[in-house]
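Residue-level listing of the chains:
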Amino acid sequence: MTRRTTTLLAVLAAGALAVTGCGSAEKKDSASTSSGDSNTLRIPYLADMSVPDPDVFYDIEGNGVILSQYEGLLKYKAGTLDIEPNLATKYEVSDDGLTYTFTLRDDVTFHSGPKMTCDSVKAAFERRVDVDQAPAWMLADVKSMTCENDTTFVIKLKNKVTPFLHYMASSWGPKVIGPEAIETNAGDDYGQTFLETKGDGTGPYKLTSFKRGSAYTLTKNDEYWGTPANFQEVILSITPDMGTQRLKLEKGDLDVILHGFPASELESLPDSVTVEKQDSLLRLILYVNSNKAPFNDPEVRAGLQSTIDTNQLVEQGYSDTAEKSTGIYPPGLLPGEPKLPYTPDPAKAKAAADKAKTKKLTLAYSADESGVQRRVGELLQAQLKTAGYDVTIKEVQLPTVYGWAENLEEAPDLAIMTNTPDGAHPDLWASIMFSSTGGLNFLGAKNEKVDANLGKAISLPPEEADPLYKEIAQEVIDDNKFFLLGDVKNVFVMQDSLTGLSNTPAYPWLVDFAALKRGN
Amino acid sequence: MTTTTEQPPTMTEGAVPVEGPGAAAAREVPTPVARMWRGRPALSPGALKGDTVWHALIPVAILSLVILIAPVLAPYGATEVNPVGPLASPSPDAWFGTDEIGRDVFSRILIGIRTSWFAALGVILLGTIIGGLIGAIAGAFGGKVDMVLMRVTDLFLSLPAPVLAIAVIAAMGPSLRNTLIALSIVWWPWYARIVRGEVRALAARPHAEAAKLAGVSRTRLVLKHLLPGAAAPVIVTMSLDVGNLILALAGLSFIGLGAPPPAPELGAMSARGLQYLFGHPWVPIAPAAAVALLALAANLLGDAINRRLDQRTTR
Amino acid sequence: MGALVLRRFGALLAVLFGLACIVFVLQTVIPSDPARAMVGANASQEAVAAKKAELGYDDPLPAQFTQYLQRLAQGDLQSSLRTRNEVTADLREFAPATFELAFSAFVLAAAMGLGLGLLLAGGGRAGRVIRVFLIGGASIPAFLTGLLLIVVFYSWLGVLPASGRVGDNFIVPDGPTNLLIVDSILNGTPDLTLDAIKHLILPALTLALLPALAIARTLSTSLEQVSREDYVRTARSKGLTERTVLLKHALRNSSGPALTMSGLQVGLMLGGVVVVERIFAWPGIGLYIDQSIAYSDFPAITGATLLLGTAYVLVNFFVDLAQAWADPRIRTV
């Protein structure tokens, strides 16, 4: 280095110092830097959410941002499948089942300031229809929406939809979005651009920062109408690697890991961390492609009942974070439904497999961060091998899965997925899974009886609909196009110091952020 | 960087061939520089003793033996379950423990070395064949043929190989075959360069000139006289590439684009086992250590051959 | 020189066009159904068909290709299926973090490469031992190296943060460059600068390991080569110390290949960021690619590929020109 450059560097350094002065970028209100900061709840996400827009968002991870910011008219009561009031204090359904009258709270204000009225609710519901993205179907049967007065919201349906109240309580159901998005920043896309990074809701938290790829910040809503949140701030940081998440949790830099923690590693966690296993409606399912050989032969399909050892799949795949499924519907949705008859029987399995036109199978599993579906896939591969099949296994991503329906000949023979219904009603599960037009019926299973019964049941009162749902269940069992393997639990790995855990089976991978607190 | 008159001409040439876009300047490439890809040592003084190659050959010989008799050595099959149960710690019954399915990690590594080795070799051979053919044709014919072929090669060289491989696999869907195809697509240009450079340089040598004068056909000239000369640096590059490829496979598995399960591919085993690092560390660490050993052995052999060749040429 | 710049520039355009073609080919062979993914599970067949038409997936290939080139020329990379944003906007958001990381890793790799290269060229047993050790170290998959570094420096020693670009107790400035270190200096917040540097160390080190080895090897071999040259022998015979000879004479003339190698390593690094950014939750292009893969978000993957490819091509274009400028003999070829 010459003398000149040295001098230059010195000048630069001095200049930099002069410019820097002694400013600080640290936030004023957060005194301690990280561990044990009592006012901030830190939660990792494995991936970015799509968008924090309730009328577009239709995934699971990200539901915390939606549900602590926005509220629907109804919700599921914590720890149950029961519907309870939320923004509506009560509701009435007319005798013909076509008119729903909701009485709205009058003490709710939006994060942006204005009071919530019936008109704002109506505007929000209309927005969902206008935006017309994935969750819009829930309002597809609506004929009209009117406001009788500031607190009376009336929805008239074109035809009877018995689970309609469940739509209102669903994690993805219509939410009441404020005027900041719907009016002020509507633009020409109903405020979709605004809602990509901002929000205006009524919930206990408001979205104050949305930095894609890094973190989302929720700040306590001091004007909240209900029980105020305990934490001043919730920071959801994108931490894609589970190992990194774990190390940060152990060190106290994260508070709760909501999902994806490998079941086998729970035991190796230190004492400062507790593990909560809670019921959810998430289900592990095996799809069978009945549109091509070998499983277009009902007898070969039936052989799978004796081939699959659900006990082993669930126990080794999930340890005690899932239970073996006993019925077609998620537990609690349809009491008295037919029991699943799967019992491993090597001789029967082999006999059925011997009739198969081809023994070469492809087994797909959807990619998930904890690798649990891969594990189940590999176990199943081994079980099928015992029966005499030669199984190739592959990982697929969701958009690929949607593409199968277009060319079922090329689609895999078997597929392992974990799905959850939109709400706690038999129709919400059966329609999307088993109906031939169902959005989650990825391998094109067709069953006319199922379709017909689903069409009938949706407009019938429960006492008449339930026998039909049971018939559907029996049909699905006998048809062997879907195998229900496991009821997956929510596994929350959290700091020992946290209390107030509250969650709902119908809201997967989610705890109520507002109810959590540090210490007693 | 300033130019000094003292600078030996080889250095200039050394800088030329790997320049990225439109390296038309690289038409007269001398042999040693082509070996530079990823830190290949070029000519070095024959400072080491002649038996270095044999030192390096010992681990490779052991490795080859392992690869050859892996199925015999392995107490269990690659997908066979060890009765000690899933995620069991290392013990006399399961030397390196078992994985999440209960498969024997030691057996899987033995067989995995084979899979990874063959996978790497497959890519390298494919790269050598495609690249060698293009390089040989370009080098032997020269002129317009050379220019066109090398421009295409340059195009591929100018693209970031790893990024492209990721995109290719993401498009075709992950499978061991697709992964290997994708890697071959981005791997061959280096071999084309090396072979072409060697062929060009050798073509200018007296013995090639003599053969030409004696009326030997061009094909025969290339096959008999030029290609064998290019073999040595290609072998060096190949041996050094084994480690790089196995690491590339591991990285791809980590982002979900590697060999699908239950293939006992070392990189995939390590990447998929990473989630067990804290509770059951043997699951990811044992295969990673095997990757490291494999890469190390390949590297040492490559370096040793390189130095050995060096001595031959400097003498 | 002017003609050379022109020629190289022409070649640059050709390479970029080639890159665009390759990306287009990739786009057309995706086996998934992005239209379906966009409209959601409950959408009707008509909605899917309409979306397909809107995205232009119905047109014949040549028409698609022309449209694609037109869009590229306008800087339009379509919208991401996942973020619903223009991919260009997303890339603008994620690129600075990757630039910061890749640049730091590059500087680190060059420094480490230089040091190690000199050590290796010095020869002796120590050099050989270090070489073996280094090759071994660089032979460990990067995800494992990264995680082990976190275990040591974060969990055990507690001196460095585990993930992210900055601690969440800081207010992150909104510009002007979006390079955190630069911005924090410009805004006069040294505590933020320090925190950003701390966050940068581990990912940059993980990323730099392999390139550093490559640079060191290249440098040491060319050093050995140069040290046999007459002028170095002359310098030695003048009675200069070995150290002076190495640093003053040999190093200067061995740096060419090492420089070229450094340029090439940028390509390797750009591939490495996908793994490293995921482990360290670094909000850059690599993380963006990783998340897009999991969503089969093809517009995003191809957009990011185009950006990284272009960056790599440009870096090497300038390395080329710099060398031609420094060494007149290259110009004549």
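Bear in mind that the values here come from a model prediction, so they are computed numbers and not experimental data.

(A) Quick look at the overall build of chain B. For chain B, the count of helices and strands is ten helices and zero strands. For chain B, the succession of helices and strands along the chain, N to C, is α-α-α-α-α-α-α-α-α-α. Within chain B, the proportion of its 315 residues that are buried is 62%. Summed over all atoms, the accessible surface of chain B reaches about 11600 Å², with 69% contributed by carbon and sulfur.

(B) Fine view of the domain arrangement of chain A. Residue and element names in this part refer to chain A. Split by domain assignment, chain A resolves into domain 1 (47–238) and domain 2 (282–489). The distance between the C-alpha centroids of domain 1 and domain 2 comes to 33 Å. Facing the 15 residues of domain 1 at the interface are 17 residues of domain 2. Taking both sides of the interface into account, the surface hidden between domain 1 and domain 2 amounts to around 1200 Å²; carbon and sulfur atoms contribute 65%.

(C) Region of interest: the UniProt feature "transmembrane region" (unreviewed entry) in chain B. Residues and elements named next belong to chain B. Under the UniProt annotation, "transmembrane region" (unreviewed entry) lies at residues 53–74, 117–141, 161–190, 226–259 and 279–302. Taken end to end, residues 117–141 is 100% helix and 0% strand, and its first and last C-alpha atoms sit 35 Å apart. From the first C-alpha to the last, residues 161–190 spans 11 Å; its make-up is 90% helix and 0% strand.

(D) Up close: the pairing of strand β4 (residues 88–93) of chain A. Residue and element names in this part refer to chain A. Bridge count between β4 and strand β5 (residues 99–104): five bridges; the pairing is antiparallel. Each residue of the ladder has a partner; that of Tyr91, found in β5, is Phe102. With antiparallel pairing between neighbouring strands as the criterion, β4 and β5 make up a hairpin whose turn holds five residues, including Gly97 at a positive phi of roughly 70°.

(E) A look at unusual backbone geometry. In this model, A:Ala293 is joined to A:Pro294 through a cis peptide bond whose omega is 0°. You can see A:Pro294 is positioned in the loop between β13 (283–288) and α7 (298–307). Positioned with a positive phi, C:Arg84 is a non-glycine residue whose angle comes to about 65°. Within the secondary structure, C:Arg84 is located in the loop between α4 (61–73) and α5 (87–122). One non-glycine residue, C:Asn178, lies in positive phi territory at about 65°. You can see C:Asn178 is positioned in the loop between α7 (142–156) and α8 (180–186). What makes C:Asn178 partly exposed here is its relative accessible area of 36%.

(F) The environment of A:Phe153, seen in detail. Along the polypeptide, A:Phe153 turns up in strand β7 (residues 152–157). Ignoring sequence-local partners within four residues, the contact set of A:Phe153 consists of A:Leu73, A:Tyr100, A:Thr101, A:Phe102, A:Leu104, A:Cys118, A:Val121, A:Lys122, A:Phe125, A:Met145, A:Thr146 and A:Cys147.

(G) Main features of the packing of helix α3 (residues 105–141) of chain B against helix α4 (residues 143–157) of chain B. Residue and element names in this part refer to chain B. Where α3 meets α4, the closest approach of the two axes is 7 Å, and the angle between their N-to-C directions is 145°. As for the relative orientation of α3 and α4, their crossing is left-handed in sense. Each of Ile134, Ile137, Ala138 and Phe141 in α3 lies in contact with α4, whose residues at this interface are Gly143, Val145, Asp146, Leu149, Met150 and Thr153. Here the contact of α3 with α4 is built from residues that sort into seven nonpolar, two polar and one charged.

(H) Up close: helix α10 (residues 230–237) of chain C. All names here are of chain C. All of the buried residues along α10 are Tyr231, Val232 and Ala235. The buried residues of α10 occupy an angular sector of 100° when projected down its axis, which confines them to one face. More than 90 degrees from the buried face of α10, the exposed residues found are Asp230 and Ser237. Residue Gly239 follows α10 closely and has a positive phi angle near 95°.

(I) Inspection of the interface of chain C and chain A at higher detail. Residue-level contacts link 48 residues of chain C with 49 residues of chain A. A combined buried area of about 4100 Å² lies between chain C and chain A, and 54% of that area is made up of carbon and sulfur atoms. There are one salt bridge connecting chain C and chain A. Taken together, the connections running from chain C to chain A amount to seven residue pairs in polar contact (both at pLDDT 80 or more). Elements represented by at least two residues in the side of chain C that touches chain A include exactly α2 (34–39), α5, α7, α8, α9 (190–226), α11 (242–279) and α12 (285–294) of chain C. A per-element tally of the side of chain C that touches chain A places α7(C) first, with five residues. Residue composition of the side of chain C that touches chain A, grouped by class: 24 nonpolar, 13 polar and eleven charged.

(J) Structural detail: the nonpolar core. Grouped together as the largest cluster of nonpolar side chains are 142 residues, with contacts concentrated most on A:Leu73, A:Phe102 and A:Phe513. At seven residues, the largest contribution of residues to this core is made by helix α14 (residues 462–479) of chain A. In this structure A:Leu73 touches A:Pro85, A:Asn86, A:Leu87, A:Ala88, A:Phe102, A:Leu104, A:Val121, A:Phe125, A:Phe153, A:Met168 and A:Val176, once residues within four positions along its chain are discounted. Listed in part, the 137 residues of the second largest apolar core include B:Ile194, B:Val242, B:Ala288 and C:Ile150.

(K) Spatial organisation of the packing of helix α5 (residues 161–172) of chain B against helix α6 (residues 176–203) of chain B. All names here are of chain B. At a minimum axis distance of 9 Å, the contact between α5 and α6 shows a crossing angle of 145°. Two packed elements cross with a definite hand, and for α5 against α6 that hand is right-handed. Across the interface between the two elements, Ala161, Leu164, Ala165, Val168, Ile169 and Met172 from α5 touch Asn178, Thr179, Ile181, Ala182, Leu183 and Val186 from α6. Its residues assigned to classes, the contact of α5 with α6 comprises ten nonpolar, two polar and no charged.

(L) Structural view of the sheet that holds strand β6 (residues 142–149) of chain A. Residue and element names in this part refer to chain A. Overall, antiparallel pairing links the four strands, which are arranged β4-β5-β7-β6 in an open sheet. Every interior strand has two partners, whereas the edge strands, β4 and β6, have only one. Here the average twist between neighbouring strands, direction ignored, is 20°. Bridge count between β5 and β7: five bridges; the pairing is antiparallel. Note on β7: the bridge partner recorded for Tyr100 is Ile155. Lying over the sheet, helix α3 (residues 118–131) contacts β5, β6 and β7, oriented at roughly 165° with respect to β6.

Cut-offs used in this document
- Per chain, the residues get numbers from 1 upward, laid out in the order the sequence is written.
- Lettering of chains starts at A and numbering of ligands starts at 1, both following the order in which they are written.
- With pLDDT at 70 or above as the cut-off, local features in this predicted model cover only qualifying residues; side-chain atom pairs require 80 or more to be listed or tallied, and sums for whole chains, interfaces and linings still use all residues.
- Calculated side-chain values reflect all of the structure's heavy atoms, with hydrogen atoms and water omitted.
- Helical segments are the DSSP runs of H or I of at least four residues, strand segments are the runs of E of at least two, and each set is numbered from the N terminus.
- Three exposure classes are used, based on accessible area relative to the maximum for each residue type with a 1.4 Å probe and protein chains only: buried under 20%, partly exposed in between, and exposed over 50%.
- Only the protein chains shown count as cover for residues, with accessible areas throughout obtained via the Shrake-Rupley method and a probe of 1.4 Å.
- In this entry, domain limits derive from an automatic or database-based domain assignment.
- The contact criterion used throughout is that any non-hydrogen atoms of two residues lie within 4.5 Å.
- Buried area is a sum: the accessible area each of two parts loses on coming together, probed at 1.4 Å, counted once for each and added.
- UniProt positions are given in the numbering used here, feature names are shortened, and annotations may be inferred rather than shown by experiment.
- Strands pair, by our definition, only if DSSP identifies at least two bridges between them.
- Fitting a line to C-alpha atoms yields each axis, with helices limited to the stretch in contact; the angle taken between N-to-C directions then spans 0 to 180 degrees.
- Each crossing gets its handedness from the near helix: less than a right angle anticlockwise from the far helix is left-handed, clockwise is right-handed.
- Here the nonpolar group is Ala, Val, Leu, Ile, Met, Phe, Trp, Tyr, Cys and Pro; Asp, Glu, Lys and Arg are the charged ones; every other residue, Gly included, is treated as polar.
- Note: the arc covers the axis-to-C-beta directions of the helix.
- The working definition used for a salt bridge is a side-chain nitrogen of Lys or Arg within 4 Å of a carboxyl oxygen of Asp or Glu.
- Whenever two N or O atoms come within 3.5 Å, that pair is a polar contact, provided that in protein one can donate a hydrogen and the other can accept it, and provided that, for residues adjacent in sequence, both atoms are side-chain atoms.
- Working definition of a nonpolar core: buried Ala, Val, Leu, Ile, Met, Phe, Trp, Tyr and Cys residues. They are joined through side-chain atoms within 4.5 Å.

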